[in-house]
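Listed below are the residues making up each chain.
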Amino acid sequence: MQHILDAITASQRGDATTEDFADLALPEAYRAVTVHRDDVDMFEGLETRDKDPRRSLHVEDVALPELGPGEAYVAVMASAINYNTVWTSIFEPVSTFGFLERYGRLSELTKRHDLPYHVVGSDLAGVVLRTGPGVTRWKPGTEVVAHCLSVELEDSDGHDDTMLDPQQRIWGFETNFGGLATIALVKSNQLMPKPAHLTWEEAASPGLVNSTAYRQLVSRNGGNMKQGDNVLVWGASGGLGGFATQYALNGGAVPVCVVSNEEKAAIARSMGAELVINRSEEDYRFWNDEGTAQDPKEWKRFGARIRELTGGEDIDIVFEHPGRETFGASVYVTRKGGTITTCASTSGYMHEYDNRYLWMNLKRIISSHFANYRESWEANRLVAKGMIHPTLSRTYALADVGQAALDVHRNAHQGKVGVLCLAPEEGLGVRDHELREKHLTAINRFRGV
Ligand SMILES: NC(=O)c1ccc[n+]([C@@H]2O[C@H](COP(=O)([O-])OP(=O)(O)OC[C@H]3O[C@@H](n4cnc5c(N)ncnc54)[C@H](OP(=O)(O)O)[C@@H]3O)[C@@H](O)[C@H]2O)c1
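Residues numbered from 1 in each chain as written. Predicted model: local features only at pLDDT ≥ 70, side-chain atom pairs only at ≥ 80, totals over all residues. Heavy atoms only, no water.

Trainee: Even after reading the chapter, I still don't get the site of the ligand, so can you show me in this structure?
Mentor: By nearness alone, 26 residues border the ligand, and L240, S260, R279, F370 and H413 come closest of all. A distance of 3.0 Å separates an oxygen atom of the ligand from a polar atom in the side chain of W87. Between E325 and the ligand, the recorded distance is 3.2 Å, taken from a side-chain N or O atom to a nitrogen atom. For the ligand, whose accessible area on its own is 910 Å², the fraction buried by protein is 91%. Elements represented by at least two residues in the shell around the ligand include exactly α4 (83–90), α7 (207–218), α8 (239–250) and α11 (324–333). Among the elements that make up the shell around the ligand, the one with the highest residue count is α7 (three residues). (Near = heavy atom within 4 Å. Polar contact = N/O pair within 3.5 Å; in protein donor to acceptor, adjacent residues only side chain to side chain. Areas by Shrake-Rupley, 256 points an atom, 1.4 Å probe, with all protein chains shown as cover. Helix = DSSP H or I, 4+ residues; strand = E, 2+ residues; numbered from the N terminus.)

Shown next as structure tokens:
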């Protein structure tokens, strides 16, 4: 891969053309982070918390798949850890090999994805190496990021909102050949321009969570947030929450940020949030110790704390993702006519809430999942303009990806955790130094905390 890295370095100096990239020989194999089909039962009998991604994630050479129509190979300079890689690596709630098998049954071309190993990862920043037949928009040598929406677009259901395509998949989770690798295979319509003021690892880190937060909170497909809305953000310094908080502030809303320690509270405040709740310090116990029943008095105590912070107002939009542990409280604290938007269930997917509070108060629960093509593009545009900033706290080498995933699994991280793939060190890839300088404090806000 050294000749590819050399070409990228030359291109950064202005010494490499599209033709130079198109002429590069492609390797037969590349370095990738995988899980193995043979390992899917390795954690049987263990508690979720004790399932260690360092045991199941492999870093190894795999064969370069064939390039199909409408696809592109990207030389991946950096990627990032998403929670979906944690799920894949602990084989919960299901093994992702089932996704690959199902995808493999769709066509001759998709058969490539059904392998005894799964190359994971749903974010990347890098350089286009080759494009397949029919691709005209993207050229070898172009610096890109990729969003993770993979759709076939053959059914009319998805033609208005691409998330509704019956063949909608998350690349690197429900498809193979993901971004935690030195080369990735993507559909070319996943590609978007790399924000020029960011390093490779910074540019790779917003993708999945930024697009998800944008749809869930801002888009009319999600919360349709407006100026002045009180927005309750769970995990406000985490992957999704770090972006939800920025969107609330950018859009003139009032984020009420929930976090679990003072370090995280300080990050939320440094983003500009004024209303912060430390859930550990205030020790909310929405469920009994057995996890079998909820305590509405605790919902009320939580609601009272929110009113204390907002000057007596309730929540217009809840940005939900913890799921079972918090959902009852989320429904309770939402104002009459307000909205609970949900995209995940980290603490358990069988939610319980008191439906009387929902229907009598005309509240709505809106489901949200990743983002459609347009929403992903709009979310990336905001990063490229310096209006939304990466939340990268730490970057690992590809060889240490297991530790990176463990940090996220154990909630020992802040914001996003990056991974260097081809990039030999951090700090490379910036083209627009002026824009970077303007936003340097915001770009570095999550660093080293
Ligand atoms: N549907 C989609 O498209 C989509 C996209 C992205 C992510 N997701 C899912 O969304 C979830 C969060 O992803 P993420 O990247 O934001 O993860 P993350 O970086 O781990 O952040 C989640 C935050 O939620 C808070 N949290 C965790 N468990 C909680 C609990 N029981 N009660 C209250 N707060 C809790 C934690 O913050 P504090 O400890 O500070 O409170 C944590 O930092 C994951 O399950 C992921 O798979 C779904």
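Continuing now.
Trainee: Hey, could you run me through the sheet that holds strand β16 (residues 364–367) in this one?
Mentor: Sheet strands associate in pairs through backbone hydrogen bonding, adopting either a parallel or an antiparallel arrangement. Pairing is parallel in the open sheet, where six strands are placed in the order β13-β12-β11-β14-β15-β16. Among the strands making up the open sheet, the edge pair consists of β13 (275–278) and β16. Within this sheet the neighbouring strands show an average axis-to-axis angle of 20 degrees, counted without direction. Of the pairings in the sheet, the one linking strand β15 (residues 334–342) to β16 comprises four bridges and is parallel in character. Within the sheet, the bridge partner assigned to T341 lies in β16 and is I366. The sheet contacts of helix α10 (residues 296–310) involve β11 (230–233), β12 (254–259), β13 and β14 (315–320), and relative to β13 the element is tilted by about 150 degrees. Relative to β15, α11 is tilted by about 145 degrees, and along the sheet it contacts β11, β14, β15 and β16. (Pairing = 2+ DSSP bridges. Axes fitted to C-alpha atoms, helices over the stretch in contact; angles between N-to-C directions. Contact = heavy atoms within 4.5 Å.)

Trainee: Mind showing me how you'd approach the environment of V186 here?
Mentor: Its place among the elements puts V186 in strand β9 (residues 183–187). Excluding residues that lie within four positions of it along the chain, V186 makes contacts with G70, E71, A72, V74, L124, A146, W171 and L191.

Trainee: Would you take a moment to explain the packing of aromatic side chains for this structure?
Mentor: Given two aromatic rings, their pairing is described by the distance between the two centres and the angle made by the two planes. Inspection of the entire model under this criterion finds 13 aromatic pairs. Ring geometry for W299 and Y332: centres 6.0 Å apart, planes at 40 degrees, overall tilted. In this pair, W299 is assigned in helix α10 and Y332 in helix α11, connecting sequence segments 33 residues apart. Site record: aromatic cluster; members linked through ring pairs are W234, Y284, F286 and F302. We note R137 situated over the ring of W138; from NZ or CZ to the ring centre the distance is 5.0 Å. Cation over ring: K194 sits above W200, and NZ or CZ is 5.2 Å from the ring centre. (Phe/Tyr/Trp six-rings, centres within 6.5 Å; stacked < 30°, edge-to-face > 60°. Lys NZ or Arg CZ within 6 Å of the ring centre and 35° of its normal.)

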